[in-house]
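Here are the chains, one letter per residue:
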Amino acid sequence: MSDKKSNLKFYELSIDQRLALLAEETGLSADDLAKLSGRAGLNEAQADHMIENVVGTYALPLGIARNFLVNGREVQVPMVIEEPSVVAAASFMAKLARAGGGFTASADASEMIGQMQVLDIADLNAAKKALEAERAALLVAAGESDPLLKKLGGGARDLQVRIIDDSPIGPFLVIHLIMDVRDAMGANVINTALERLSPVVERISGGRVLLRILSNLADRRLARASCAIPLEALTTNEFSGEDVCARVIEAWAFAATDPYRAATHNKGIMNGMDAVVLATGNDWRAVEAGAHTYAARSGKYTSLSKWSKGKNGELIGELEMPLAVGTVGGATRVHPGAGAALKLMGVASARELAEVIVSVGLAQNLGALRAMATEGIQRGHMALHARQVAAAAGAPPGMVEPIAEQMVNEGHIHIDRAVEILNTWRAK
Ligand code: NAD
């Protein structure tokens with residue numbers, strides 16, 4: 001996508017021009033742009049309220065992935081990440097997906113699972129029955145823990161009781177409380193409800209409640225995205241579209257069957273997703289935990305995505321995984337940049353946010369597979385990597401680009417070489 005006035009591509013614009021173009025495209029106010037860009041970002045006083053022992057803030061680059069069409073809607077995707085190539089790859093793959101109509105995505109209701117561990121029960125089956133008999137009353141009690149959530153249509157949905165009989169300390173009961181947390185990520189909502197419920201559970205079961213905590217395996221809150229990429233869009237100078245399609249599927253098959261490959265394959269998916277999760281003030285550790293546990297749900301760790309050939313020969317990509325993210329709660333409304341990022345994306349609910357994030361994961365996955373299965377990952381990556389190496393060598397902003405370019409031309413990208421070039425230039 002280019003700047004209408006100058007015909008320059010987004011990446012060719014200055015930072016100010018990029019911000020101005022975003023304002024034009026999304027209607028974001030100058031105030032929100034300042035928050036998004038970090039110019040009026042998180043300050044010390046705000047940071048001091050977020051965590052303990054604050055001595056400052058820590059900045060990371062925020063880039064915009066372009067070309068994303070999700071369920072027919074144009075979305076500017078904010079990504080916070082230190083790794084080069086991720087934003088460029090996401091934008092490029094979104095462009096390829098756009099040739100096939102973009103991404104189709106959906107997300108389940110925001111149902112989270114809270115767990116309660118109940119110990120010291122003499123008759124586990126009798127306690128299980130007693131708790132199940134009181135299910136309705138327990139759900140009412142759990143629902144009362146958050147009147148606002150209830151008013152918003154959320155609250156307690158289900159209660160399940162399991163006996164765990166293969167633990168190292170002997171058998172015990174586990175209760176799963178399922179709550180619809182609407183637009184929140186839901187950890188605090190769930191943990192509060194569990195604490196409220198625990199004396200009631202102890203009374204009914206005759207046991208002792210130990211842990212009362214959210215499960216990050218949010219497998220009732222899956223998000224999924226798919227795309228169908230026409231072969232013409234996959235064609236490169238060196239490879240036919242058909243060839244690229246076949247190679248991507250072959251590369252995916254490796255991850256589908258081998259955990260060593262699957263770990264890196266899924267890391268590539270998370271490169272994109274974490275960056276948006278972070279930009280929107282969400283808990284990326286929670287998303288990571290859910291993703292990898294879900295990838296191992298069959299007992300064997302495998303790929304989160306699937307790539308196949310469609311009826312008309314097009315490349316079909318699918319990704320489905322747990323995705324607990326919120327548009328309220330946590331840091332989403334505390335960090336000024338997070339609020340601005342959500343506004344930029346124009347997402348109206350946690351489900352819509354999850355739909356965009358899972359689409360970014362699928363795009364990122366294709367970016368890695370396509371690069372690795374054709375030209376190799378390093379060609380595209382090296383130019384960007386060289387810039388980071390030049391900066392790490394201490395090059396001032398004006399010299400980062402020329403030093404990076406020289407290292408790429410020499411085919412030798414290393415911090416020692418960057419320092420040498422820098423010293424030569426300084427000596428001139
Ligand atoms: P929260 O408690 O900050 O916000 C949720 C509250 O917002 C609800 O209680 C509700 O009353 C209110 N609310 C207002 N509008 C709402 C709407 N439209 N939909 C839903 N709720 C609405 O946040 P949370 O999402 O319960 O918890 C998220 C935080 O918990 C994150 O910071 C996360 O890092 C942290 N956390 C995570 C874990 C874990 O992942 N295992 C454990 C503990 C805490």
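What comes next concerns the included structure. What you see is a predicted model, and the numbers here were worked out from it, not measured in a lab.

### Describing the overall build of the protein chain
Here's step 1: In terms of helices and strands, the protein chain carries 17 helices and ten strands.
Here's step 2: Relative to a compact globule of 428 residues, whose C-alpha radius of gyration would be 22 Å, the protein chain shows 25 Å and is just as compact.
Here's step 3: A total of 428 residues make up the protein chain; the buried ones form 49% of that total.
Here's step 4: Total accessible area on the protein chain stands at roughly 20300 Å², and carbon and sulfur atoms take up 53% of it.
Here's step 5: Distance between charge centroids for the protein chain: 3 Å, based on 43 positive and 49 negative side chains.

### Topic: the site of the ligand
Here's step 1: Taken together, the neighbourhood of the ligand is formed by 21 residues, with Asp146, Gly186, Asn216, Asp283 and Gly330 sitting nearest.
Here's step 2: A distance of 3.4 Å is found between an oxygen atom of the ligand and a backbone nitrogen or oxygen belonging to Ala187.
Here's step 3: Asn188 places a polar main-chain atom, nitrogen or oxygen, 3.0 Å from an oxygen atom of the ligand.
Here's step 4: Elements that contribute at least two residues to the shell around the ligand include exactly α7 (147-151) and α8 (187-205).
Here's step 5: Per-element accounting of the shell around the ligand gives the leading share, four residues, to α8.
Here's step 6: Classifying every residue of the shell around the ligand by side-chain character gives eleven nonpolar, six polar and four charged.

### Digging into the sheet that holds strand β3 (residues 104-107)
Here's step 1: Spatially, the four strands line up as an open sheet ordered β3-β8-β10-β9, and their pairing is antiparallel. Among the strands making up the open sheet, the edge pair consists of β3 and β9 (305-309). Strand-to-strand twist across the sheet, computed as the mean angle between neighbouring axes with direction ignored, equals 10 degrees.
Here's step 2: Pairing of strand β8 (residues 222-229) with strand β10 (residues 315-322) involves eight bridges; the strand directions are antiparallel. When the sheet's bridge partners are listed, Ser226 is paired in β10 with Glu318.
Here's step 3: Packed onto the sheet, helix α10 (residues 241-257) meets β9 and β10 and runs at close to 145 degrees relative to β9.
Here's step 4: The strands touched by helix α12 (residues 284-295) are β8 and β10; relative to β10, the strand with the most contacts, the crossing angle is about 115 degrees.

### Here we look at the packing of aromatic side chains
Here's step 1: Within this structure, the stated rule accounts for one aromatic pair.
Here's step 2: A centroid spacing of 5.5 Å and a plane angle of 20 degrees characterise the contact between Phe68 and Phe103, whose relative ring orientation is stacked. Of this pair, Phe68 sits in strand β1 (residues 62-70) while Phe103 sits in the loop between α4 (86-98) and β3, placing them 35 residues apart in sequence. Judged on exposure class, the residue Phe68 and its partner Phe103 are both buried.
Here's step 3: Across from the ring centre of Trp284, 5.2 Å away, lies the NZ or CZ of Arg285, which sits over that ring.
Here's step 4: The side chain of Arg297 reaches across the aromatic face of Tyr294, ending 3.8 Å from its centre.

### Here we look at the pairing of strand β2 (residues 73-80)
Here's step 1: Of all eight residues in β2, six are buried; the element is thus mostly enclosed.
Here's step 2: By the bridge criterion, seven bridges tie β1 to β2 in an arrangement that is antiparallel. Bridge assignment links Val70 to a residue of β2, and that residue is Arg73.
Here's step 3: Taking the residues between adjacent antiparallel strands as the criterion, β1 and β2 are bridged by two residues, where Asn71 takes a positive phi near 50 degrees.

### Some remarks on the pattern of salt bridges
Here's step 1: Enumeration over the complete set of coordinates arrives at 21 salt bridges.
Here's step 2: Between Asp243 and Arg247 there is a salt bridge, with its nearest N and O atoms 3.4 Å apart. Note that Asp243 and Arg247 are positioned in helix α10 at a spacing of four residues, about one turn of the helix.
Here's step 3: Given a relative accessible area of 31%, Asp243 falls into the partly exposed group.

### Here's the deal with the environment of Ala99
Here's step 1: As for its position among the elements, Ala99 is in the loop between α4 and β3.
Here's step 2: What makes Ala99 partly exposed here is its relative accessible area of 48%.
Here's step 3: Taking C-alpha positions, Ala99 is 16 Å from Val244, a pair spaced 145 residues apart along the chain.

### As for the sheet that holds strand β4 (residues 111-119)
The strands making up a sheet associate through backbone hydrogen bonding, with each pair oriented either parallel or antiparallel.
Here's step 1: Judged by pairing direction, the sheet is antiparallel, and its four strands sit side by side in the order β5-β6-β4-β7 without closing on themselves. The sheet terminates laterally at β5 (155-164) and β7 (208-214), the two strands that pair on one side only. Along the sheet, successive strands turn relative to each other by an average axial angle of 20 degrees, direction set aside.
Here's step 2: As defined by bridge partners, β5 adjoins strand β6 (residues 172-180) across nine bridges and the pair is classed as antiparallel. Within the sheet, the bridge partner assigned to Gln160 lies in β6 and is His176.
Here's step 3: Packing of α8 onto the sheet brings it into contact with β4, β5, β6 and β7, and relative to β7 it is tilted by some 160 degrees.

What counts and what doesn't
- Residues numbered from 1 in each chain as written.
- Predicted model: local features only at pLDDT ≥ 70, side-chain atom pairs only at ≥ 80, totals over all residues.
- Heavy atoms only, no water.
- Helix = DSSP H or I, 4+ residues; strand = E, 2+ residues; numbered from the N terminus.
- Rg over C-alpha atoms; globule rule 2.2 N^0.38 Å.
- Buried < 20%, exposed > 50% of the residue type's maximum accessible area, 1.4 Å probe, protein only.
- Areas by Shrake-Rupley, 256 points an atom, 1.4 Å probe, with all protein chains shown as cover.
- Lys, Arg positive; Asp, Glu negative; His and termini not counted.
- Charge placed at Lys NZ, Arg CZ, Asp CG, Glu CD.
- Near = heavy atom within 4 Å.
- Polar contact = N/O pair within 3.5 Å; in protein donor to acceptor, adjacent residues only side chain to side chain.
- Nonpolar A, V, L, I, M, F, W, Y, C, P; charged D, E, K, R; others polar.
- Pairing = 2+ DSSP bridges.
- Axes fitted to C-alpha atoms, helices over the stretch in contact; angles between N-to-C directions.
- Contact = heavy atoms within 4.5 Å.
- Phe/Tyr/Trp six-rings, centres within 6.5 Å; stacked < 30°, edge-to-face > 60°.
- Lys NZ or Arg CZ within 6 Å of the ring centre and 35° of its normal.
- Salt bridge = Lys/Arg side-chain N within 4 Å of Asp/Glu carboxyl O.

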